[in-house]
Amino acid sequence: MRINLDDCISFAKESEFDNIVIKARQANELLKSRKGKGSDFLGWMDLPDKITDEEIQNITVTAKKIQMQSDVLVVIGIGGSYLGARAAIEALTDTLNKKGTEVIYVGNNISGKYVESVLEYLKDKDYSLNVISKSGTTTEPAIAFRIFREALYEKYQNEAKNRIYVTTDKKTGSLRKISDKENYISFEIPSDVGGRYSVLTPCGLLPIAVAGIDIKQMVDGARYSLNNCEEMCIQYASARNLMYSLNKTIEIMVNYDPSLHYLTEWWKQLYGESEGKENKGIFPAGVDNTTDLHSMGQYIQEGIRNIFETVVYLKDDMSSICIPDTNDNSDGLDYIKNKQLQYVNKMAMKGTKLAHVNGNVPVIFIEIEKMDAFTYGQIVYFFEKACGISGYILDVNPFDQPGVEAYKKSMFKLLGKPGY
């Protein structure tokens, strides 16, 4: 994993970037001192070093039990309670040819149509539930847990309780009370780790392990980032805040492989929820190229010049498929016959990057050699650490989300919840 800022910092004076780097180093020291804003939620910082082999083994054993008893694991959660796991599973498994236990997701919306379709899908499947929530009262997952727990008990009767796995706070919250009362198998969310930083806790690790991914390798990758990628985190945080100082207020994460779509979704929550406060912050957006070059490409090339891009490029997608050499050139593709699709995709990335830079869209370039569990762990910790630094540069608390409560108060009032 490497980062190249040449096509970003060239849009500013060298001294401007140097000044931001100084601020980033100060922010990093404040983060490490644990004396900055939100210091009660810095448990993610040394999490890769704290996770023990025993904890990994415990999660792995439970994952194997779920694999043996179920065709499908239904993950009930919203935001950081499911995005981190989904991003890892999509990036590290074959989307169209999944092997072993399938992982699907509910409790991240309130669509009746979607819930009914999932219940219908599960009718002829053996399945288990993993409900993930610190409090147990977050509306979307709480509704889903009530509905799917009812369906599970109806299908499995007394055996149902052995198919419910709870990930929640160690001591407090309604879900902890339910879990203790019903004696469900449970895992703890550390009290000092917020949801969007929780990929490397049982929130993410249990469903990731159920999907057949080596979570020890993932933790090892995160540990590598913890010990070796501090400077890269500083550089990324500096570059994006340099752009912000130049009124580039929208950051678009760009990928060139569909498997990275949910990495972008996780990143959007991580940065949007961490930095969007006090009328400050870079707006995180995302595109999947080359698909979105035929929808958003026009705007990126010639729209309002308040955007910059962070390209996450997978250098080796481990494919070998080539464009066939045929006797018919009616499609005009002979100029790339016998070329690997991976090569054509690379040229599309390079050409797009060049066009966007020439169109006044700065580009931060992050290259990943290949995607495996170790590399994915690196990526997760890199973006988390860089986010903490970036938030402190902005002088906001990157570890709370007070604005999330606003919609809930209005919704509860409309629904007639007592006290609202």
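Above this note sits the structure.
Bear in mind the structure is a predicted one, so any value in this text is a computation, not a measurement.

### Topic: the overall build of the protein chain
Argument step 1. Check the secondary structure of the protein chain and you find 16 helices and 10 strands.
Argument step 2. Relative to the compact-globule value of 22 Å for 420 residues, the protein chain shows a C-alpha radius of gyration of 23 Å, a close match.
Argument step 3. Seen along its three principal axes, the alpha-carbon backbone of the protein chain occupies a region of about 65 × 65 × 45 Å.
Argument step 4. By the burial criterion, 50% of the 420 residues in the protein chain qualify as buried.
Argument step 5. In the protein chain, once contacts between residues fewer than 6 apart in sequence are set aside, the share between residues at least 24 apart is 80%.
Argument step 6. Accessible area for the protein chain stands at about 19800 Å²; split by element, carbon and sulfur atoms hold 51% of it.
Argument step 7. Here the protein chain contributes 49 positive and 56 negative side-chain charges, whose respective centroids are spaced 5 Å apart.

### Regarding helix α11 (residues 230-245)
Argument step 1. Look at α11: 23 Å from first C-alpha to last across 16 residues, which is about the 22 Å you get at 1.5 Å a residue.
Argument step 2. Across the 16 residues of α11, 12 count as buried, placing the element largely inside the fold.
Argument step 3. Within two residues after α11, Asn247 carries a phi angle of roughly 65°, on the positive side.

### Here we look at the pairing of strand β4 (residues 127-132)
Argument step 1. Among the six residues in β4, six count as buried, and that is most of the element.
Argument step 2. Burial along β4 is two-sided: Tyr127, Leu129 and Val131 and Ser128, Asn130 and Ile132, pointing in opposite directions, are all buried.
Argument step 3. As paired elements, β4 and strand β5 (residues 164-169) share four bridges and run parallel to each other. Across the sheet, residue Asn130 finds its bridge partner in β5, namely Tyr165.
Argument step 4. For the handedness criterion, the β-α-β arrangement of β4, helix α7 (residues 139-156) and β5 is classed as right-handed.

### Brief notes about the environment of Tyr343
Argument step 1. In this structure, Tyr343 sits in helix α14 (residues 341-358).
Argument step 2. Put simply, Tyr343 and Ser320 are 23 residues apart on the chain and 9.7 Å apart in space, counted from C-alpha to C-alpha.

### Details of the pattern of salt bridges
Argument step 1. Taken as a whole and judged by the stated rule, the model has 24 salt bridges.
Argument step 2. Taking the shortest distance from any N to any O, the salt bridge between Lys125 and Asp124 comes out at 3.4 Å.

### Some details on the nonpolar core
Side chains of nonpolar character tend, in soluble globular proteins, to be buried together.
Argument step 1. Counting 87 residues, the largest nonpolar core has Trp44, Ile208, Trp266, Tyr376, Phe383 and Ile389 as the members making the most contacts within it.
Argument step 2. Ranked by residues supplied to this core, first place goes to helix α15 (residues 373-394) with 12 residues.
Argument step 3. Residues in contact with Tyr376, not counting those within four places in the same chain, are Gly84, Ala87, Ala88, Ala91, Leu92, Met218, Leu263 and Met371.
Argument step 4. Counting 21 residues, the second-largest nonpolar core is a separate cluster that includes Phe145, Leu152, Ala160 and Val166.

### Considerations on the side chain of His356
Argument step 1. Tracing the backbone shows His356 in helix α14.
Argument step 2. By relative accessible area, which is 2% here, His356 ends up buried.

### Some thoughts on the side chain of Glu140
Argument step 1. Here Glu140 lies in helix α7.
Argument step 2. For the buried Glu140, which has no salt bridge, the nearest side chain bearing the opposite charge is Lys408, at an N-O separation of 6.3 Å.
Argument step 3. Polar side-chain contacts of Glu140 include one of 3.0 Å to the side chain of Tyr407.
Argument step 4. Ignoring sequence-local partners within four residues, the contact set of Glu140 consists of Ile78, Gly107, Asn109, Ile110 and Tyr407.

### Regarding the packing of helix α2 (residues 14-33) against α15
Argument step 1. Put simply, α2 and α15 touch, their axes get as near as 8 Å, and they point 110° apart. The angle between α2 and α15 places the two elements in the roughly perpendicular class. The hand of the α2/α15 crossing is right-handed. Taken together, the residues of α15 that come into contact with α2 (itself represented by Lys23, Ala24, Ala27, Asn28, Leu30 and Leu31) are Lys385, Gly388, Ile389, Tyr392 and Ile393.

Scoring rules and cut-offs
Residues numbered from 1 in each chain as written. Predicted model: local features only at pLDDT ≥ 70, side-chain atom pairs only at ≥ 80, totals over all residues. Heavy atoms only, no water. Helix = DSSP H or I, 4+ residues; strand = E, 2+ residues; numbered from the N terminus. Rg over C-alpha atoms; globule rule 2.2 N^0.38 Å. Buried < 20%, exposed > 50% of the residue type's maximum accessible area, 1.4 Å probe, protein only. Contact = heavy atoms within 4.5 Å. Areas by Shrake-Rupley, 256 points an atom, 1.4 Å probe, with all protein chains shown as cover. Lys, Arg positive; Asp, Glu negative; His and termini not counted. Charge placed at Lys NZ, Arg CZ, Asp CG, Glu CD. Expected span 1.5 Å × (residues − 1). Pairing = 2+ DSSP bridges. Right-handed = clockwise from strand over helix to strand, strands pointing away. Salt bridge = Lys/Arg side-chain N within 4 Å of Asp/Glu carboxyl O. Core = buried A, V, L, I, M, F, W, Y, C linked by side-chain atoms within 4.5 Å. Polar contact = N/O pair within 3.5 Å; in protein donor to acceptor, adjacent residues only side chain to side chain. Axes fitted to C-alpha atoms, helices over the stretch in contact; angles between N-to-C directions. Parallel < 35°, antiparallel > 145°, perpendicular 65-115°, else oblique. Left-handed = near helix turned anticlockwise from the far one by under 90°.

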